[in-house]
Every structure is written in structure tokens, then in C-alpha cells.
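As a plain string of letters, each chain reads:
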Amino acid sequence: MWYHKPVVNKELLQSLPNLRIVASSGVGIDHLDLNLLSSFGVKVSNTPFVISTDTADLGMALMLASSRRLVEGYEMAVSPDTEYFPADWLGTQVSGATLGIVGMGTIGYKVAERAKAFEMKILYHNRSQRKKEDESAVGAVYCKKIDDLLQQSDFVLLAVNLNPQTHKLIGKRELELMKPTATLINISRGLVVDQDALVEALQNKVIKAAALDVTYPEPLPRDHPLLKLKNVIITPHIGSATKKTRRIMMEEMIESIQAGLAGLPIPHEVL
């Protein structure tokens, strides 16, 4: 499966009686009905670890691009109408700011490693607290309640898996807890955020900006209000999109398929 295609439903499974394994690219499995697949005796694999470095890089890129208004700056620099660069056109400093990471798994932790180099203060919220040595290595402080993280952070970065507990995790209430000067960065799944509430928050300056690699649907309808806001950066779900990583992803998928067909233990099997 690539980009969640083909759709694996009951009809497809019934039409493929010899199917042994579904190898899905990336880490997210929210597009798969694991119980349905298991009932047909079909195993599932993904590629969870290879994407973490590139996705963390993109998270930092989105934070920097949004804070320093790179898209707006480019448009100004190349516009035929630009006669001068205004002196009061300012961005937000990243170094020394507070970054709140929601989801401190492999990707979230790699973001923290990068943020440490920018001398950022790092808060994180996770299902469980990481080991003290992990926290000390990046200078991260655990927030048991997500509310505490939202209230204190200058940048809130989402790096969680999509599941029933994280579906629309960030809604109207959570956005209103954030600072009016804060930026929301989403490198996880579009449905982790209530998109209508986000549009309203951005339009009414409840938060300052958003930088999104994921939306729902993808791509957004061309008349969607998010596409019209100056304080939003949207990229086309490219967290893992480097040549090296995509090749490794494909190689890992092939390894899983070969193992599944040979009756061997499947690398990165999703249980």
C-alpha cells in the first residue's frame, strides 16, 4: 500500500482469497481495519522507524518557515509590485522559545533533539513519561496534563498516531488554551486537529499561525478557507519524502512481503 491505496475493505479481501500480507508504507495504520484483516488471516506490516528522521526535519522546517514567515517573504521578494522591503515586517524568534511536543515517540524525540540545538525550552505530553536519562539528554520537561503544555508553549508540535483517543485531540477548547502568539505545527495526521475550530482560531487570532504537513482531506478542496489564510503554511504530506527514505521504505516493504510469503517472522509486523 502506498498513500493508503488500494483501499482494503471486505470486498477486496473476498476477491483475493490467497492474500497473505498487506505491507503499508509509513507508520500510520489508521486507514486499516486490523480486526477485519485478521479475520481473513492476513498479516500487516508498516515502516515505522525509517521515516522518523525526515519527519522530524520537516517539523523543524515548518516551525522555522512559519516563525520567520518564509513563504510571505518569498512572495514579497519576487512580486513585481514590490518597490521596497518594509522595516516593520517581522517574524518570531525560535531560539530560546518554548516548544511543546505532543507525542514523544521516535519522531517527537528526534524533534526535541533538534530543538535543543536551537536552545529551546522543551515541554512534552505523552501517554507515559519517558526515562529520566531521555529527558535529561534533550532537556525536556514532562507535562502530565496537555493543558499545561498548551498554556506555556510558543510552538505546539503534534507527533501522535491517529487513534480514537487522538481523534480531534486539538479542538476549540485546546486552541483557546494556547497563547495568542503561539503556532500550531502538525506532522502527524490531519484528523488529530478539529480543522473547523482551527480555521476559526486563525481567523480570530486566538493563535498566531499554523504550519501543517497534514490535513483532511488531502488535498484540501481548492476553496477551503485554510488555503486563503496568510498565517498558514501547508505542505503536501511530505514528512518522509526524501529519495533515500522512500527507497528504504520500499525495501522494507519488500522484505516484509517476502517474509510473509515464506512463513518467516515479518519485520515490523503490526499486531
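Note that the structure is a prediction, hence the values are computed from the model and not measured. Numbering of residues begins from 1 in every chain and follows the order in which that chain's sequence is written. Selection of residues for local features in this predicted model requires a pLDDT of at least 70, selection of side-chain atom pairs for listing and counting requires 80 or more, and totals for whole chains, interfaces and linings are taken over all residues. Just so you know, side-chain values use all the structure's heavy atoms and leave hydrogens and water out.

> I keep staring at empty space enclosed by the protein and nothing clicks. Help me out?
Gaps left between atoms are located by rolling a probe of water-molecule size over the structure's atoms. Grid points spaced at 1 Å and placed over the protein atoms alone form the basis of the search, with a cavity being a set where a 1.4 Å probe fits but cannot get out and a pocket an open set showing protein on both sides within 12 Å along at least five of seven lines. Lining residues have an atom within 4 Å of a point. Grid points are joined across faces, edges and corners, and a volume is the space filled by probe spheres set on the points. The final tally for this structure, using the stated rule, is one cavity of 30 Å³ or more. The computed volume of the largest cavity comes to approximately 40 Å³. Taken together, N186, G190, V193, Q195, L198, L212, V214 and T215 form the lining of the largest cavity.

> Looking at this structure, how should I read the domain arrangement of the protein chain?
One frequent convention defines the size of an interface as the accessible area lost when the parts assemble. Partitioning the protein chain into domains gives domain 1 (10-49 + 242-262) and domain 2 (51-80 + 91-234). Residue-level contacts link 10 residues of domain 1 with seven residues of domain 2. By buried area we mean the combined loss of accessible area, with a 1.4 Å probe, across both parts when two parts are placed together. Regarding the contact of domain 1 and domain 2, the summed buried area is about 720 Å², with carbon and sulfur atoms giving 50% of it. Contact with domain 2 buries area across many residues of domain 1, yet V27, D30 and F49 alone supply 58% of it, more than any other trio. By definition here, a salt bridge exists when the distance from a side-chain nitrogen of Lys or Arg to a carboxyl oxygen of Asp or Glu is within 4 Å. Viewed at the interface, domain 2 and domain 1 are joined by one salt bridge. Any pair of N or O atoms that falls within 3.5 Å is considered a polar contact. Within protein, one atom must be able to donate a hydrogen and the other to accept it, and sequence-neighbouring residues count only if both atoms are side-chain atoms. Our enumeration of links across domain 1 and domain 2 arrives at five residue pairs in polar contact (both at pLDDT 80 or more). Of the residues that constitute the side of domain 1 that touches domain 2, the class distribution is four nonpolar, five polar and one charged. As used throughout, domain bounds are those supplied by an automatic or database domain assignment. Contacts are residue-level and defined by heavy atoms, with any inter-residue pair within 4.5 Å sufficient. Classes in brief: Ala, Val, Leu, Ile, Met, Phe, Trp, Tyr, Cys and Pro nonpolar; Asp, Glu, Lys and Arg charged; the others, Gly included, polar.

> What should I look at first to understand the sheet that holds strand β2 (residues 43-45) in this one?
Within a sheet, adjacent strands bond to each other through the backbone by hydrogen bonds, running parallel or antiparallel. Whether two strands pair depends on DSSP finding at least two bridges between them. Here a strand is any run of E in DSSP of at least two residues, a helix any run of H or I of at least four, and the numbering for each starts at the N terminus. Strand order in the open sheet made by the three strands is β1-β2-β10, with mixed pairing throughout. With one partner strand each, in any of the chains shown, β1 (21-23) and β10 (269-270) form the two edges of the open sheet. Of the pairings in the sheet, the one linking β2 to β10 comprises two bridges and is antiparallel in character. Along β10, the bridge assignment pairs V44 with V270.

> Looking at this model, I keep getting lost on the pairing of strand β3 (residues 98-102). Mind explaining?
Looking along a regular strand, one sees side chains alternate from face to face of the sheet. Among the five residues of β3, five are classified as buried, and the element is accordingly described as predominantly covered. Each residue gets one of three labels from its accessible area relative to the maximum for its type: buried under 20%, exposed over 50%, partly exposed in between, using a 1.4 Å probe on protein chains only. Alternating residues of β3 divide into T98, G100 and V102 and L99 and I101, and every residue in both groups is buried. Pairing of β3 with strand β4 (residues 121-125), which is carried by five bridges, proceeds in the parallel orientation. Residue pairing across strands places V102 opposite H125, the latter belonging to β4. Following the chain from β3 across helix α5 (residues 106-117) to the adjacent parallel β4, one finds a crossover that is right-handed. Orienting the strands away from the viewer, one traces the path from the first strand over the helix to the second; a clockwise path indicates a right-handed crossover.

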